[in-house]
Amino acid sequence: MPTSAMLAPFRVARYLAMIAALGALWLLLSACVGPQETPLPDGVNDPREDLVERIKEKPEDLDAHADLLRLQIKSGDVIGADATVAHALKYSPKDFRAHLLAAQFHRWQLDLINAEKALITARDMAPDRLEPRVALAGLYNQAYLETNELEQRRKAVELADDRLRPEFALDLAYSLAALLQTPEAAKLAAELIADKATPSGLRARAHLLLAEIGLRTEDEAAAVSNLKAAFVLDKEDTGTLQFAARAVTLLKKPAELGSLFDETLAGKDRAELRWTALFGEWMLAIEVAAESKADPLGEPVEAWRKRLEAMEPGHPDVAGRYYQLIKLQPGREEEAKKLAKELDEGGSGAPPAPSNLDAVLSLWRAEDALRLGAPAVTLSEATQLGVREGNLEGLRMLRVMAMFKLREDVGCLQIIDSWLAEGDKPDDLLLSLRWWVMLRSGKSVDVLRDMEQRGGSKNNSRAWIEAVAKFQTYRKG
């Protein structure tokens, strides 16, 4: 089957959300190509003009420079942004913040070499300040210079005062977890939790990281206990509840999370919290029905779906999974066709439809595990589904992304290359995945060579990958 058919619109939309979790894998780079100027309504003054007047009166006002640069980048004013940075450097050459502005401009223009030079200058001017370290860590993260990124994050933790240190330590812990340095990540998170001086919101996020590690290491008890602890510390955090709602499909005893959803629905008015709790209740009801061999579309399950639909009609997460369940029901073909059409018109597209309930639940586990940082579960479920369900659409993409997260670069490239060979023309998404794997492995020269040989149009993602490849190659000398 040709690649273009395999990556139908619904799959691109569906899996780009997951790819976003891979950090720099699929940057949209909205700032790379500046938007067109939008005329201001009559009678509305351009705020840039006011900022220019402020700068004229006080050329050393770097806050005004920063505000002006932000607006110029937003409007795509390259000439104006360049002039703003040059002016800041002329009047404040010894202030590290001026060089941070220069780095911001260079990053926007995909000049990562000069962006790093400006950040290093800022760092050397202010070796005890956090801002240059954090900016360098962000640049190195996006450029897959992972050792350099961790070095800067560790230095930021050392430099931070007691008030800020927990936040930067947690950032370091999450970065370590993303790089599969799980023991050190878990140790940092546990230390933050043990320190009662750590703000409750940060302790909740640390528990959430340990819950992710629990899922990743198949320690269900640790995952559940940390989820509950995170919820107790910050019941207003939608992220914790979203994690719990997705974790329902992964757990052997998902009913243990029911209290989180019940308490939220009993005492919270925020729409986002209530919708997420309803989604968790719906998933839980489906799991209970499946366990008891009851109808997965029976009244207990339908009651939760109707409440979800009343809050947000046609939400793709609900409509897509409802479609997959309807497809299992004899005599509901017309209803399934109608829902598929609505999903297509909504832009998400109808998801793949496994042939039985066990396979549907397995597919959900694969999808949710990838969202929650447990790619080994995704790979296992997708591999088993491939045996049972043949060429179910989307499975190969799930496997590729799971292998990428697991850093199984050789196998990941093999699947991508075989997939690309099946297509009539190169697929931008697969090529981007291929090049990111190579960049992570330090093969920047090979990426540049491959890009040149393949040709093709340059979109934002490809332009960024090329910039990263040139940056890595430059740093190698």
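This text follows the structure it describes.
Just so you know, these numbers come straight off a predicted model, no measurement behind them.

Thresholds, definitions, all that
- Residues numbered from 1 in each chain as written.
- Predicted model: local features only at pLDDT ≥ 70, side-chain atom pairs only at ≥ 80, totals over all residues.
- Heavy atoms only, no water.
- Helix = DSSP H or I, 4+ residues; strand = E, 2+ residues; numbered from the N terminus.
- Rg over C-alpha atoms; globule rule 2.2 N^0.38 Å.
- Buried < 20%, exposed > 50% of the residue type's maximum accessible area, 1.4 Å probe, protein only.
- Contact = heavy atoms within 4.5 Å.
- Areas by Shrake-Rupley, 256 points an atom, 1.4 Å probe, with all protein chains shown as cover.
- Lys, Arg positive; Asp, Glu negative; His and termini not counted.
- Charge placed at Lys NZ, Arg CZ, Asp CG, Glu CD.
- Axes fitted to C-alpha atoms, helices over the stretch in contact; angles between N-to-C directions.
- Parallel < 35°, antiparallel > 145°, perpendicular 65-115°, else oblique.
- Left-handed = near helix turned anticlockwise from the far one by under 90°.
- Nonpolar A, V, L, I, M, F, W, Y, C, P; charged D, E, K, R; others polar.
- Polar contact = N/O pair within 3.5 Å; in protein donor to acceptor, adjacent residues only side chain to side chain.
- Core = buried A, V, L, I, M, F, W, Y, C linked by side-chain atoms within 4.5 Å.
- Expected span 1.5 Å × (residues − 1).
- Arc of directions from axis to C-beta.
- Phe/Tyr/Trp six-rings, centres within 6.5 Å; stacked < 30°, edge-to-face > 60°.
- Salt bridge = Lys/Arg side-chain N within 4 Å of Asp/Glu carboxyl O.

Asks: In this structure, what is going on with the overall build of the protein chain? I would like to understand it.
Replies: Within the protein chain one finds 26 helices and zero strands. Computed over the C-alpha atoms, the radius of gyration of the protein chain is 25 Å, within 12% of the 23 Å expected from 2.2 N^0.38 for a compact globule of 477 residues. Its C-alpha atoms put the protein chain at 75 × 60 × 55 Å along the principal axes. Classification of the 477 residues of the protein chain by burial places 51% in the buried group. Long-range pairs, those at least 24 residues apart, make up 62% of the contacts in the protein chain between residues at least 6 apart in sequence. Only carbon and sulfur atoms are counted for the fraction: they give 52% of the accessible area of the protein chain, which is about 22,300 Å². Positive and negative charge centroids in the protein chain, built from 62 and 74 side chains respectively, lie 3 Å apart.

Asks: How should the packing of helix H13 (residues 220–233) against helix H15 (residues 258–267) be read in this particular structure?
Replies: Pairs of packed helices are described in terms of their axes, by the angle between the two and the distance that separates them. Packing of H13 against H15 brings their axes to within 10 Å, and their N-to-C directions diverge by 20 degrees. Compared by their axis directions, H13 and H15 come out roughly parallel. Between H13 and H15 lies a crossing whose hand is left-handed. Counting all contacts with H13, which are made through Leu227, Lys228 and Phe231, the residues of H15 involved are Ser259, Leu260, Glu263 and Thr264. Each residue belonging to the contact of H13 with H15 can be placed in one class, and the counts come to three nonpolar, two polar and two charged.

Asks: So what exactly am I meant to see when it comes to the packing of helix H21 (residues 375–389) against helix H22 (residues 395–405) here?
Replies: Closest axis-to-axis distance for the H21/H22 pair is 8 Å, and the angle between their directions is 150 degrees. Classed by the angle they form, the pair H21 and H22 counts as roughly antiparallel. In the crossing of H21 with H22, the sense of the turn from one axis to the other is left-handed. Counting all contacts with H21, which are made through Pro375, Thr378, Leu379, Ala382, Thr383, Leu385 and Gly386, the residues of H22 involved are Leu395, Leu398, Arg399, Ala402, Met403 and Lys405.

Asks: Explain the side chain of Thr238 to me, please; I cannot follow it from the model alone.
Replies: With respect to the secondary-structure elements, Thr238 resides in helix H14 (residues 238–247). A relative accessible area of 9% places Thr238 in the buried class. Engagement of the side chain of Thr238 in a polar contact is seen with the side chain of Arg270, the distance being 3.0 Å.

Asks: Explain the environment of Asp128 to me, please; I cannot follow it from the model alone.
Replies: Relative to the helices and strands, Asp128 is located in the loop between helix H7 (112–125) and helix H8 (130–142). When the C-alpha positions of Asp128 and Glu158 are compared, they lie 9.5 Å apart, and in sequence the two are 30 residues distant.

Asks: How should the nonpolar core be read in this particular structure?
Replies: Nonpolar side chains in soluble globular proteins tend to end up buried together. By size, the foremost hydrophobic cluster in this structure holds 64 residues, and its most contacted members are Trp436 and Val447. Sorting elements by how many residues they give to this core places helix H24 (residues 428–440) first, with nine residues. By size, the runner-up hydrophobic cluster in this structure holds 53 residues, among which are Leu215, Ala245, Ala277 and Leu357.

Asks: For this particular structure, what's the right way to read helix H17 (residues 299–311)?
Replies: For an α-helix, 3.6 residues make a turn, and residues three or four places apart therefore share a direction. Under the 1.5 Å per step criterion, the end-to-end length of H17 is 18 Å for 13 residues, consistent within 8% with the ideal 18 Å. Along H17, the residues classified as buried are Val301, Glu302, Arg305 and Leu308. Down the axis of H17, the buried set is contained in an arc of 120 degrees. They therefore lie on one face. Facing away from the buried surface of H17 by more than 90 degrees, the exposed residues are Glu299, Pro300 and Ala310. Packed against the buried residues of H17 are helix H16 (271–291) and helix H18 (316–326).

Asks: Honestly, the packing of aromatic side chains in this entry has me stumped. Any pointers?
Replies: Think of a pair of aromatic rings as described by two things: how far the centres are apart, and how the planes are tilted against each other in angle. Under the definition given, this model contains five aromatic pairs. Ring geometry for Phe105 against Trp108: centres 6.1 Å apart, planes inclined by 70 degrees, an arrangement best described as edge-to-face. Taken together, the residues Phe105 and Trp108, both in helix H6 (residues 96–108) and three residues apart, mark about one turn of the helix. Residue Phe105 shares its accessibility class with Trp108, and that shared class is buried.

Asks: Would you explain the pattern of salt bridges in this entry?
Replies: Pairing is possible between side chains that carry opposite charge, provided their charged atoms lie close to one another. Tallied over the entire structure, the rule returns 34 salt bridges. In this structure, Lys56 engages Glu53 in a salt bridge whose closest nitrogen and oxygen atoms are separated by 3.7 Å. Within this pair, Lys56 and its partner Glu53 are both found in helix H3 (residues 47–57), separated by three residues, close to a single helical turn. With relative accessibility at 59%, the residue Lys56 sits in the exposed group.

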